[in-house]
Structure formats: structure tokens, C-alpha cells
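# Structural overview
The chain contents come next:
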Amino acid sequence: MASCDNREKLQSMLEACENQKSDLINQKRILRKKRENCYGIFLEDLKKEMATLPNNKRLQDYLERTATKELNFLYNSINIMPGNNQKGQLSQYQLLLFDDNIRRLCLKHNLTSESAFLEMISKYGYDNVIHPILENAEFLRAMEKVTKLACLDEIFQDLTNILNYQGSYVTYRYVKNYLRNVLNTDVSKPDDELIYKDYDQKLSYVLRNLSNIASHLLEIRNQIPNSRLSVCNLRLSRVAKRLERSNITDDQRIFASSIAFGTTLEKLKDENYEDAENLIYVPHQRILK
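Residues numbered from 1 in each chain as written. Predicted model: local features only at pLDDT ≥ 70, side-chain atom pairs only at ≥ 80, totals over all residues. Heavy atoms only, no water.

From N to C terminus, the protein chain includes 17 helices and two strands. Residue burial in the protein chain is summarised as follows: out of 289 residues, 41% are buried. Nonlocal contacts in the protein chain, meaning residues at least 24 apart in sequence, comprise 73% of its contacts between residues at least 6 apart. Element-wise, carbon and sulfur atoms account for 50% of the exposed surface of the protein chain, whose accessible area totals about 17,300 Å². (Helix = DSSP H or I, 4+ residues; strand = E, 2+ residues; numbered from the N terminus. Buried < 20%, exposed > 50% of the residue type's maximum accessible area, 1.4 Å probe, protein only. Contact = heavy atoms within 4.5 Å. Areas by Shrake-Rupley, 256 points an atom, 1.4 Å probe, with all protein chains shown as cover.)

Closest axis-to-axis distance for the helix 12 (residues 199-208)/helix 15 (residues 250-261) pair is 9 Å, and the angle between their directions is 130 degrees. Here helix 15 runs oblique to helix 12, going by the angle between their axes. The interaxial crossing formed by helix 12 with helix 15 has right-handed handedness. Of the residues in helix 15, those in contact with Tyr199, Lys202, Leu203, Val206 and Leu207 of helix 12 are Arg253, Ala256, Ser257, Ile259, Ala260 and Phe261. When its residues are assigned to classes, the contact of helix 12 with helix 15 shows eight nonpolar, one polar and two charged. (Axes fitted to C-alpha atoms, helices over the stretch in contact; angles between N-to-C directions. Parallel < 35°, antiparallel > 145°, perpendicular 65-115°, else oblique. Left-handed = near helix turned anticlockwise from the far one by under 90°. Nonpolar A, V, L, I, M, F, W, Y, C, P; charged D, E, K, R; others polar.)

Another aspect to go through is the nonpolar core. Ranked by internal contacts, the top residues of the largest apolar core, which has 77 residues, are Phe139, Leu179 and Phe255. When residues in this core are grouped by element, the largest group, eight residues, is from helix 10 (residues 166-182). In contact with Phe139, not counting residues within four places along its chain, are Leu96, Ile102, Leu105, Cys106, Phe117, Met120, Ile133 and Leu134. (Core = buried A, V, L, I, M, F, W, Y, C linked by side-chain atoms within 4.5 Å.)

So, on to the confidence of the model for the protein chain. If pLDDT is low for a region, its predicted coordinates should not be looked at in detail. Per-residue pLDDT for the protein chain averages 87, and the proportion of residues at 70 or more is 87%. The lowest-confidence element of the protein chain is helix 1 (residues 2-50), averaging 69 in pLDDT; the highest-confidence one is helix 16 (residues 265-269), averaging 97. (pLDDT = per-residue confidence, 0-100.)

Counted under the stated rule, the structure contains 12 salt bridges. For Lys57, the salt bridge identified is with Asp61, shortest N-O distance 2.7 Å. Remark: Asp61 and Lys57 occur in helix 2 (residues 57-65); sequence separation between them is four residues, near one turn of the helix. Residue classification places Lys57 among the exposed residues on the basis of a relative accessible area of 64%. Of the charged contacts, one joins Asp251 and Arg235 as a salt bridge, the two residues approaching to 3.0 Å between their closest N and O atoms. On the criterion of sequence distance, the pair formed by Asp251 in helix 15 and Arg235 in the loop between strand 1 (228-229) and helix 14 (236-240) is long-range, its members being 16 residues apart. (Salt bridge = Lys/Arg side-chain N within 4 Å of Asp/Glu carboxyl O.)

With that out of the way, let us pick up the side chain of Arg228. Relative to the assigned elements, Arg228 resides in strand 1. Buried Arg228, no salt bridge; nearest opposite-charge side chain is Asp251, N-O distance 12 Å. The residues touching Arg228, leaving out its near neighbours within four places in the chain, are Pro82, Gly83, Asn84, Arg221, Asn233, Leu279, Ile280, Tyr281 and Pro283. (Lys, Arg positive; Asp, Glu negative; His and termini not counted.)

The final tally for this structure, using the stated rule, is nine aromatic pairs. On the basis of an interplanar angle of 50 degrees and a centroid distance of 5.7 Å, the ring pair of Phe73 and Phe261 is categorised as tilted. With Phe73 in helix 3 (residues 72-79) and Phe261 in helix 15, this pair connects stretches of sequence that are 188 residues apart. Centre to centre, the rings of Tyr93 and Phe117 are 5.3 Å apart; their planes meet at 35 degrees, and the pair counts as tilted. Here Phe117 lies in helix 6 (residues 114-126) and Tyr93 lies in helix 4 (residues 92-96), a separation of 24 residues in the sequence. Each member of the pair, Tyr93 as well as Phe117, is classed as buried. Within the aromatic cluster, the residues linked to one another by ring pairs are Phe73, Tyr174, Tyr178, Tyr196, Tyr199 and Phe261. (Phe/Tyr/Trp six-rings, centres within 6.5 Å; stacked < 30°, edge-to-face > 60°.)

Where helix 13 (residues 210-223) contacts helix 15, the axes come no closer than 11 Å and their chain directions differ by 70 degrees. Considering their axes alone, helix 13 and helix 15 lie roughly perpendicular with respect to each other. Together, Leu210, Ile213, Ala214 and Leu217 of helix 13 and Gln252, Phe255, Ala256 and Ile259 of helix 15 make up the contact between the two elements. For the contact of helix 13 with helix 15, a count of residues per class yields seven nonpolar, one polar and no charged.

Right, let's talk about the side chain of Asn85 for a bit. Within the fold, Asn85 resides in the loop between helix 3 and helix 4. Note on Asn85: relative accessible area 13%, which makes it buried. Within the local environment of Asn85, its side chain forms a polar contact with the side chain of Ser168, the two groups lying 2.9 Å apart. In this view, Asn85 contacts Ile78, Leu90, Asn164, Tyr165, Gln166, Gly167 and Ser168; residues no more than four positions away in its chain are not counted. (Polar contact = N/O pair within 3.5 Å; in protein donor to acceptor, adjacent residues only side chain to side chain.)

The structure is reproduced here in C-alpha cells:
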């Protein structure tokens, strides 16, 4: 009799386990569906961003003549800062490879890696060795083109490139949005006067209030699961804890320049850091995990 009771209890427990397993599978399926829906919304938002108004002539001219290196935080975001991009850095060599003709030309001359490309540039620069590819006019034009903001603008017209280099895209979008706003105001003033209006004062303010601004962005970032900052993400916690009288590091100065560039002095004085919040993003590959 006891053995029969035990069998019934065991059977009941097994049935309960199977029911729980079935419920977990269903919940997992529902959760997966919700994540896929979120990813779909994310992609639609990106497509809407891409469909914004085309560049006016003033903005386009500025993008075409301005070197990415002039904005140190953007240059660092696409070349140096780890974790920003699923496909790695957007180095000069990588940017060249987006052009099919240049990629074939590099392959023809055995420039099949970043290291081979840098070795060729080094020999040309320091040993005065003329590589055959450097006598190709198309390649030289491409070398000049990839140093400009317009090159980033061009590659980020493609959704796949945005997803592969999302952190770099977020920083570039932040820059472009600011440029679009300021270059659409007073046509009588030079571009740089509008773009760098109050810049020294803005940078000074940010450097004085570095830990407070970093703490604000850290709080926002921590409220958004799996999010990160496209500029100095790994240093954000450290900057938030920075002692007031400690020396400013190179990383902190780069971080400060990104905040100062994309906002106004009035907003900073009002402790309004909403513009800098646009540097926070969720890597798309984390949405489905």
C-alpha cells in the first residue's frame, strides 16, 4: 500500500515538473518574441534616423573639408575605444576597404591586413620608399577622403554599417546633429565661429564639474540594461569618483571635450546634460540576448 502511495506521489511530482518545464518553455518563447519585437522597433527607429533631411550645402561642405582628427573624441571613438563596435575599429585601412575598387587594389598589392598597410605607410613616411600603390591617383584620392567627416557620413547611410559599427555611429550622429543645428542659424557668421561658440568656456565648465556630469551619465546608463556610453565608457565610473583636485588625465580631457562640443553654455550652466545623454546607447546584439 505504501509503495503504491509513493508511486502516486512520484508520478504527481513528475507531472508537476513537466508542467513547470512546459510553462518555462512558453515563457521563454514569449520573452524571445518580446525581444524580437523590441529589436524590430530598434531597427525601425534607425531607419527613421537615416531618412532625416538630406545635408544642406553648408553642412555637406563642412563635412567634406573637415578632418575627423579635428574632433579628438570622435577620432578616439572610432579608432581606439574598446567595445564600441561589433566589427572592431574604423581605422583608415578599414575605411578604405568600404570602396570595392580600393579593396581590390589593396589585394592586388598584397595589402591584405592592417599591419601590412601600416608597414607600407611607415616605410613611405620614414624611409622614403615609394610603394607602387602610392602612385595610383585613385588610391591617393581615397586616402584623403577617408580622413574627412564626409566619409563617415557616407558609410553610415547603410544600415549594416550602422549595426556593425554602432558605437562609432552614435558618436558621429551626436556630432552631426550638433553641426546640423548650429550651421542652420546665422548665415553671416563663419562656420567655426558658430560651431565653437563659447567652446573654451564650455570645456572649462565641464572640467570643473567632471565628476558631477559623469555621475549623471552613469546614473542614466545604469537605468538602461546593457547600455553603454560611446565615449570613454570604461572610464565613466572612475571619472564619476574623481577627486576634485586631482590631475586631469588624457581620457578625462577627451571625455570633457565630447560633452563641451555637443551642447550650449546655457545648458551646462543650468546643469542640463540632455545632449550628452545622446551618447548612451544599447548595442543591438544585446537586445536579443
